[in-house]
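Each chain is listed here by its residues.
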Amino acid sequence: MEREGDEMIPPSLSKWDNDKNLNGLLFFAQRMCELLYDQTLDSYKVPALNTHTSILEVRALIERFASGHIPQRTYFFALAEAKKKISDEAIFSLKEKERLLRYVKSIEIKEDKSKIRKDAAVLAAEVYANYWTKLKQKVVEVVSVPNKKKEIEALCTNLAVEIQNRGYHKGYMFHKTAKFFFQ
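First, a word on what this report is: a plain description of the structure on this page. Computed from a predicted structure; not experimentally measured. (Residues numbered from 1 in each chain as written. Predicted model: local features only at pLDDT ≥ 70, side-chain atom pairs only at ≥ 80, totals over all residues. Heavy atoms only, no water.)

## Quick notes on helix H6 (residues 149-165)
An α-helix turns once every 3.6 residues. As a result, residues three or four positions apart point the same way.
Reasoning step 1: With 17 residues, H6 should reach 24 Å at 1.5 Å per residue; the first-to-last C-alpha distance of 24 Å fits that figure.
Reasoning step 2: Along H6, the positions that sit buried rather than exposed are Ile152, Leu155, Cys156, Thr157, Asn158, Leu159, Ala160, Val161, Glu162 and Ile163.
Reasoning step 3: The secondary structure elements touched by the buried residues of H6 are helix H1 (23-36), helix H2 (51-66), helix H5 (113-143) and helix H7 (170-182).
Reasoning step 4: Just downstream of H6 lies glycine 167, where phi reads positive at about 105°. (Helix = DSSP H or I, 4+ residues; strand = E, 2+ residues; numbered from the N terminus. Expected span 1.5 Å × (residues − 1). Buried < 20%, exposed > 50% of the residue type's maximum accessible area, 1.4 Å probe, protein only. Contact = heavy atoms within 4.5 Å.)

## Observations concerning the pattern of salt bridges
Reasoning step 1: Counted according to the given criterion, the structure contains 13 salt bridges.
Reasoning step 2: The partner of lysine 110 in a salt bridge is aspartate 119, and the shortest N-O contact between them spans 2.7 Å.
Reasoning step 3: Note on aspartate 119: relative accessible area 6%, which makes it buried.
Reasoning step 4: Overlapping salt bridges bring together Lys138, Glu141, Lys148 and Glu151 as one network. (Salt bridge = Lys/Arg side-chain N within 4 Å of Asp/Glu carboxyl O.)

## Here's the deal with the packing of aromatic side chains
Reasoning step 1: Counting across every chain of the model gives 10 aromatic pairs.
Reasoning step 2: Taking the centre distance of 6.1 Å and the plane angle of 75° together, the rings of phenylalanine 28 and phenylalanine 181 count as edge-to-face. You can see phenylalanine 28 sitting in helix H1 and its partner phenylalanine 181 sitting in helix H7, a full 153 residues away along the chain. When sorted by exposure, phenylalanine 28 lands in the same class as phenylalanine 181, which is buried.
Reasoning step 3: Taken together, Trp16, Phe28, Phe180, Phe181 and Phe182 form an aromatic cluster joined through their ring pairs. (Phe/Tyr/Trp six-rings, centres within 6.5 Å; stacked < 30°, edge-to-face > 60°.)

## Some details on the side chain of glutamate 96
Reasoning step 1: By the secondary structure assignment, glutamate 96 is in helix H4 (residues 94-109).
Reasoning step 2: For glutamate 96, a relative accessible area of 14% gives the class buried.
Reasoning step 3: Of the polar contacts made by the side chain of glutamate 96, one reaches the side chain of lysine 134; its length is 2.8 Å.
Reasoning step 4: Apart from the residues within four sequence positions on either side, glutamate 96 is in contact with Ile91, Asn130 and Lys134. (Polar contact = N/O pair within 3.5 Å; in protein donor to acceptor, adjacent residues only side chain to side chain.)

## What to know about the environment of tyrosine 128
Reasoning step 1: Locating tyrosine 128 in the fold gives a position in helix H5.
Reasoning step 2: Separated by 75 residues in the primary sequence, tyrosine 128 and threonine 53 place their C-alpha atoms 9.3 Å from one another.
Reasoning step 3: Ignoring any residue separated from it by four or fewer positions in sequence, one finds tyrosine 128 in contact with His52 and Arg166.

## Focus: the nonpolar core
In a soluble, globular protein the nonpolar side chains are often hidden away together inside.
Reasoning step 1: Judged by nonpolar contacts, the single largest core of 49 residues is most densely connected at Phe28, Met32, Tyr75 and Ile107.
Reasoning step 2: The set of elements that each furnish at least two residues to this core consists of H1, H2, helix H3 (76-88), H4, H5, H6 and H7. (Core = buried A, V, L, I, M, F, W, Y, C linked by side-chain atoms within 4.5 Å.)

Structure, rendered in structure tokens:
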């Protein structure tokens, strides 16, 4: 997959078998390239936050609130976004979502800064403890099913955000993904 001017040349599928069982994996590879390409339309680019990083944002805002730098209402928008992301997250079981959402609820209703800070720290630690591992496992599980495109797309987005959060440059990941899957 090479660049020609400002356009991404569609990947060559010559090395892919016409096996319908590989459609999920092919969709994953194509979607990752699209997300990571630097000239992609904004609506197809990697968003700034996934569930994990959204919770990190909440924790950082709560730290600023607890230290008196921002008013409490400032972190409510980020907390609402994190709540939605937890609810929609494909890698968490229903039981895990319920546990994480209890921390969110606790943060929403508490007034005591130290308790809010503690609950935010526990929420962040709970997600951080296994997010990367669970995300990779879920990707492997779902790409083997060709008709789960919506779930594959959501996982691609979360994976691309998480990869960047772990220090990899988007351009580097684009070239590695394109080379691995299409050359």
